[in-house]
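Listed here are the chains, written in short residue letters.
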Amino acid sequence: MRILSLGAGALGGYFGGRLVEAGADVTFLVRQRRRAQLQAQGLAIRSAACGDFVCSSVRAIAQDELDDEAPFDVALLTCKAYDLEDAMAAIEPAIEGGAAILPLLNGLSHMEVLNARYGRERVLGGLAKIAATVTTDGTILHLNDWRYLVFGEQDGSISARCSALKATFDGSSVEASLVDNVVGRMWEKFVHLATVASMTCLMRASVGEIARTPRGSAQMTSMLETLAGLAAEAGYPVSEDFKTEYRRLFHDASSSYTASMLRDLESGKRVEADHIVGYAADRMRQFGIDAPLLEAAHTHLKAYEERRAAGRL
Ligand SMILES: NC(=O)C1=CN([C@@H]2O[C@H](COP(=O)(O)OP(=O)(O)OC[C@H]3O[C@@H](n4cnc5c(N)ncnc54)[C@H](OP(=O)(O)O)[C@@H]3O)[C@@H](O)[C@H]2O)C=CC1
Ligand SMILES: CC(C)(CO)C(=O)C(=O)O
């Protein structure tokens, strides 16, 4: 199976790198700065939980070389939401050549964009549960033992292409699940992520730090309930077991858990404010659900963007 990874950042570098480690056929489609870095230093993953991996010669190509490299079976889309338009333009030759797209971005609105452009049959549903980041020298740092991917056809069928991809991941240390309800799983992840991203960014603190304040656990739990209400309105109710797991997390005063959005914000990077928190707030308004804390989290992120744009972080 030939895999194209659009991006070699935290997710693309980690999952693509683990596939390379397992001997899979992976090509990274990257921009000039990252390409130079990969050519000079190779791809390095540092992971206390799953072991380090360094490959001195990964196949890293630029957009204008893609025509010569196609066809691919699957294109992993691992950009940030604000880069989606450029990323779609970059992978176009691979998609024209028949590749399925597996987007691993957080959030849901990219699915609407991808479906509108390529049709649902070309686009798989997918999500990643991992905590990873890229250092300035390009090393992928894996921050805990999460290494989970969930994917599947949007119509719930178990296709040959998804089974082949699952078999490819099974040869690696990534724990990949092929499911028949991927859209529901994406909503579940959205409830989890939007809760953690909005609360840890609004409070600029980890889950444990928030839980140690008098009303912190109650506010995180209330945000969880509000977002679970949104998922239910959208037709994808989350299970009681799911809510119990996260209620427990939000009462864990020792937890150092944060969203990748807080890591980006604290590093002064761009954040997926509209794609995740703003999207949730918009859908709440459409359904007539009152969500003042979520609105405050979105405004907080938009104010961060204003200061960042003005160079006043
Ligand atoms: N990091 C994490 O722990 C988790 C992240 N996520 C989600 O995964 C998605 C990706 O996040 P993450 O991996 O952290 O982001 P990163 O910023 O680390 O990586 C994104 C990569 O995509 C590349 N890219 C963007 N546009 C293009 C393009 N047109 N051509 C080639 N490369 C491109 C960027 O390249 P360049 O270096 O040139 O900018 C960058 O290397 C986000 O939606 C995030 O919310 C989900 C779960 C956990
Ligand atoms: C859900 C979570 C927090 C971990 O995968 C995440 O997606 C993120 O940090 O962006």
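Keep in mind the model is a prediction, meaning the values are calculated, not measured.

Remarks on the site of ligand 2
Close to ligand 2 lie Asn 106, Ala 128, Lys 129, Ile 130, Trp 146, Lys 189, His 192, Leu 193, Tyr 257, Ala 259 and Ser 260, which account for all nearby residues. Between an oxygen atom of ligand 2 and a side-chain N or O atom of Lys 189, the distance comes to 2.9 Å. Ser 260 is positioned such that a nitrogen or oxygen atom in its side chain is 2.5 Å from an oxygen atom of ligand 2. For ligand 2, whose unbound accessible area comes to 290 Å², protein coverage reaches 96%. Listing elements by their share of the shell around ligand 2, those giving two or more residues are β8 (124–134) and α7 (182–203). Each residue belonging to the shell around ligand 2 can be placed in one class, and the counts come to six nonpolar, three polar and two charged. Both domains that meet at the shell around ligand 2, namely domain 1 (2–180) and domain 2 (185–309), each give it at least three residues.

Things to note about empty space enclosed by the protein
Inspection of the entire model under this criterion finds one cavity of 30 Å³ or more. Its volume calculated, the largest cavity comes out at about 60 Å³. Mapped onto the lining of the largest cavity, the elements with two or more residues apiece are β8 and α7. Here the lining of the largest cavity is built from residues that sort into six nonpolar, three polar and one charged. Residue-level mapping places the lining of the largest cavity at the junction of two domains, with at least three residues from each of domain 1 (2–180) and domain 2 (185–309).

Some points on the UniProt feature "domain: Ketopantoate reductase C-terminal" (unreviewed entry) in the chain
Residues annotated by UniProt as "domain: Ketopantoate reductase C-terminal" (unreviewed entry) correspond here to residues 182–305. Counting secondary structure, residues 182–305 comes out at 73% helix and 0% strand; the distance between its end C-alpha atoms is 32 Å.

Quick notes on the layout of surface pockets
Once rolled over the atoms, a probe with the size of a water molecule shows which space is left empty. Roughly 280 Å³ of internal volume is contained in the second largest pocket. Lining the second largest pocket are 14 residues, and of these Leu 127, Lys 129, Arg 185, Glu 188 and Tyr 246 lie nearest its centre. When contributions to the lining of the second largest pocket are tallied by element, the ones reaching two or more residues are β8, β9 (140–153), β10 (175–178), α7 and α10 (240–249). With four residues, the top contributor of residues to the lining of the second largest pocket is α7.

Looking at the packing of helix α9 (residues 216–233) against helix α12 (residues 273–287)
Packing of α9 against α12 leaves a shortest axis separation of 10 Å and a crossing angle of 65 degrees. Of the two possible hands of crossing, α9 and α12 adopt the one that is left-handed. Of α12, the residues touching α9 (which contributes Thr 226, Leu 227, Leu 230 and Glu 233) are Ala 280, Arg 283, Met 284 and Phe 287. Here the residues of the contact of α9 with α12 are counted per class, giving five nonpolar, one polar and two charged.

Some words on the site of ligand 1
Neighbouring ligand 1 are 27 residues, the closest being Leu 11, Arg 33, Asn 106, Ala 132 and Glu 272. Within the side chain of Asn 106, one N or O atom sits 2.9 Å away from an oxygen atom of ligand 1. Computed on the free molecule, ligand 1 has an accessible area of 890 Å², of which 88% lies beneath the protein chains in the complex. The set of elements that each furnish at least two residues to the shell around ligand 1 consists of α1 (10–21), α4 (84–96), β8 and α11 (260–266). In terms of residue count, the dominant contributor to the shell around ligand 1 is β8 (five residues). Looking at the shell around ligand 1, you find at least three residues from each of domain 1 (2–180) and domain 2 (185–309).

Criteria and thresholds
- The residue numbers shown here count from 1 along each chain, following its written sequence.
- Each chain takes a letter, starting from A, and each ligand takes a number, starting from 1, following the order in which they are written.
- Local features are withheld for residues below a pLDDT of 70 in this predicted model, meaning they are given only at 70 or higher, and side-chain atom pairs are given and counted only at 80 or more; totals for whole chains, interfaces and linings count all residues.
- Side-chain metrics rest on all non-hydrogen atoms present in the structure, leaving aside hydrogens and water.
- Nearness is defined per residue: one heavy atom within 4 Å of the molecule or strand is enough.
- Here a polar contact is taken to be a pair of N or O atoms separated by no more than 3.5 Å, where protein atoms must pair a possible hydrogen donor with a possible acceptor and residues adjacent in sequence count only if both atoms sit in side chains.
- A 1.4 Å probe and the Shrake-Rupley method give the accessible areas. Residues count as covered only by the protein chains that appear here.
- Numbering of helices and strands runs from the N terminus, with a helix taken as a DSSP run of H or I at least four residues long and a strand as a DSSP run of E at least two residues long.
- Under the grouping applied here, Gly and all other residues not named as nonpolar or charged are polar, the nonpolar ones being Ala, Val, Leu, Ile, Met, Phe, Trp, Tyr, Cys and Pro and the charged ones Asp, Glu, Lys and Arg.
- Each domain's extent was defined by an automatic or database domain assignment.
- Of the grid points, spaced at 1 Å and generated over the protein atoms alone, those admitting a 1.4 Å probe that cannot get out make up cavities, while open sets with protein on both sides within 12 Å along at least five of seven lines make up pockets; any residue with an atom within 4 Å of a point is treated as lining.
- Grid points are joined across faces, edges and corners, and a volume is the space filled by probe spheres set on the points.
- UniProt positions are given in the numbering used here, feature names are shortened, and annotations may be inferred rather than shown by experiment.
- Note on geometry: axes are lines fitted to C-alpha atoms, helical ones only across the stretch in contact, with angles between N-to-C directions running from 0 to 180 degrees.
- The handedness criterion is simple: a crossing whose near helix is rotated anticlockwise from the far helix by less than a right angle is left-handed, and one whose near helix is rotated clockwise is right-handed.
- Throughout, a residue-residue contact means that at least one pair of heavy atoms, one from each residue, lies within 4.5 Å.

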